[in-house]
Each structure stands twice: as structure tokens, then as C-alpha cells.
Amino acid sequence: MSDIDILIKVRSVKDTFRKRLTPGIGNIDRRQRKPSKHEMSMAEVVVREFGGKIKFLKEKRQEGIKMPDAIWSGIKLEIKEASGKSSINNRVRKGVEQVGERGIIFLDISKNKKNIKEIRTEAINRVKRSKTESKSKYFHINIIFFKKGKVLDVVEIKKRKA
């Protein structure tokens, strides 16, 4: 185990995630940007399962600046669909870039043939690699794993300040 792994804590938070919100209570604001059909359906799942307000953001504000898809009750939210063999790694890497130091990646794995254990491990390892490569001193990323109408797990990955 490396020194970086000692500072990184990974745990399932499905039962306690966003408990201050009320499932089914919330709204989706599309005034800044019309989301894709997939983004909209996943935003509806988020409100149904957890509640809260989702505000879709404009695609880009400045060149070179990564933007998340939305803000969900004050936290950056990136919605990704991972269907292919290498898509977990690619989608999570891009999601991490877009949410920055703190945010939520909603990962739709409905079309992925891998099992949840493999997907979960691959996603966690990608977050660790991405944040180690960027030399982040602190981060707090949650990944919601969703498949065919059901939230399978919510994983919290965070690195405390050394």
C-alpha cells in the first residue's frame, strides 16, 4: 500500500447519501441548457431517488475550462453513460476532470456487460489515478452506479489533507 492510499478513503454511502434531501421532491432547471434525452432521464432518476434541485449548466463558459453537466443542490454533477469495454475508465476520467475537487458522477452502466464489482473497482482505481496524476491535495468524489432503473451503489472516494 502506497502513502497515497493511506490518505484516500473509499466507502459505500448508499444508505446515507444526501439524506438531507427528500426523494421525489425537487426540480430540474433547463433554462441555461437543454440536456440530452439521456441526461434528462438520468436527472429525473436523481430527483426520484434522492430529491433536490438540478440546474443544467451551459456547455462551456471559457475555452479550456471543464464544466460539469449540472449543479445538484449545490454540488457539481456529471452524468455519464458507460457501455463499452474501456468506457468505465474513459467516462470516469472525464467525469473527474469535469467535477474537479468535489462533485458527483452519475454513472449509467445499464448497457455495460461487466458485473458491478468489476465496474466499481475500475471506477475507484480511475479516480485514484486521476487524482494522483493531478497531484490533488484534497478531493471528495461520489459515484452513483445506476443500472436498468436501479441505483446499485453510491461510493465515496475522498482524500484528506496530509
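This text goes with the structure placed above it.
It should be emphasised that the depicted structure is a prediction, and the values quoted were computed from it without experimental measurement.

Caption draft 1: Here's a closer look at the overall build of the chain. Scanning the chain from terminus to terminus reveals four helices and eight strands. Along the chain, helices (α) and strands (β) appear in the sequence α-β-β-α-β-β-β-α-β-α-β-β when read from the amino end. The C-alpha atoms of the chain give a radius of gyration of 15 Å, which matches the 15 Å a tight globule of 162 residues would have. Seen through its principal axes, the chain has C-alpha atoms that stretch 45 × 35 × 35 Å. Per-residue burial over the chain gives 46% buried out of 162 residues. At a minimum sequence separation of 6, the contacts of the chain that also span at least 24 residues come to 63%. Element-wise, carbon and sulfur atoms account for 49% of the exposed surface of the chain, whose accessible area totals about 9300 Å². Mean positive and mean negative side-chain charge positions of the chain (43 and 20 charges, respectively) differ by 2 Å.

Caption draft 2: Geometry of the pattern of salt bridges. Scanning the model with the defined rule gives twelve salt bridges in all. As a salt-bridge pair, Glu101 and Lys131 come within 3.7 Å of each other at their nearest N and O atoms. Linking Glu101 in the loop between helix 3 (87–99) and strand 6 (102–108) with Lys131 in helix 4 (residues 116–133), this pair joins segments that are 30 residues apart in sequence. Since its relative accessible area comes to 37%, Glu101 is described here as partly exposed. You can call Lys131 buried: its relative accessible area is 5%. With a closest N to O distance of 2.6 Å, Lys114 and Glu122 form a salt bridge. Through salt bridges with shared partners, a single ionic network connects Arg33, Glu39 and Asp69.

Caption draft 3: Main features of the side chain of Lys80. Structurally, the position occupied by Lys80 is in strand 5 (residues 75–81). Engagement of the side chain of Lys80 in a polar contact is seen with the side chain of Gln98, the distance being 3.0 Å. Discounting chain neighbours no more than four positions away, the residues touching Lys80 are His38, Arg91, Lys94, Gly95, Gln98, Ile105, Phe106, Leu107 and Asp108.

Cut-offs and rules
- Residue numbers restart at each chain and count upward from 1, following the sequence in its written direction.
- Residue-level local features of this predicted model are given only where pLDDT is at least 70; pairs of side-chain atoms are given and counted only at 80 or more, and the full residue set underlies all totals for whole chains, interfaces and linings.
- Computation of side-chain values: all heavy atoms of the structure, hydrogens and water removed.
- The secondary structure listing takes helices from DSSP runs of H or I that are at least 4 residues long and strands from runs of E that are at least 2 residues long, numbered from the N terminus.
- Computation of the radius of gyration draws on C-alpha atoms, with the globule rule given as 2.2 Å multiplied by the number of residues to the power 0.38.
- Between buried and exposed lies partly exposed: a residue is buried under 20% and exposed over 50% of the maximum accessible area for its type, with that area taken using a 1.4 Å probe on protein chains only.
- The criterion used for residue contact is that any of the two residues' heavy atoms lie within 4.5 Å.
- Where accessible areas are quoted, they stem from the Shrake-Rupley method and a 1.4 Å probe; at the residue level, only the protein chains shown are allowed to cover.
- Counted as positive: Lys and Arg. Counted as negative: Asp and Glu, with His and the chain ends omitted from the count.
- Charge positions are represented by NZ for Lys, CZ for Arg, CG for Asp and CD for Glu.
- By convention in these notes, a salt bridge is any Lys or Arg side-chain nitrogen within 4 Å of a carboxyl oxygen on Asp or Glu.
- Pairing of N or O atoms within 3.5 Å defines a polar contact, subject to two protein rules: one partner must be a possible hydrogen donor and the other a possible acceptor, and residues neighboring in sequence count only if both atoms are side-chain atoms.

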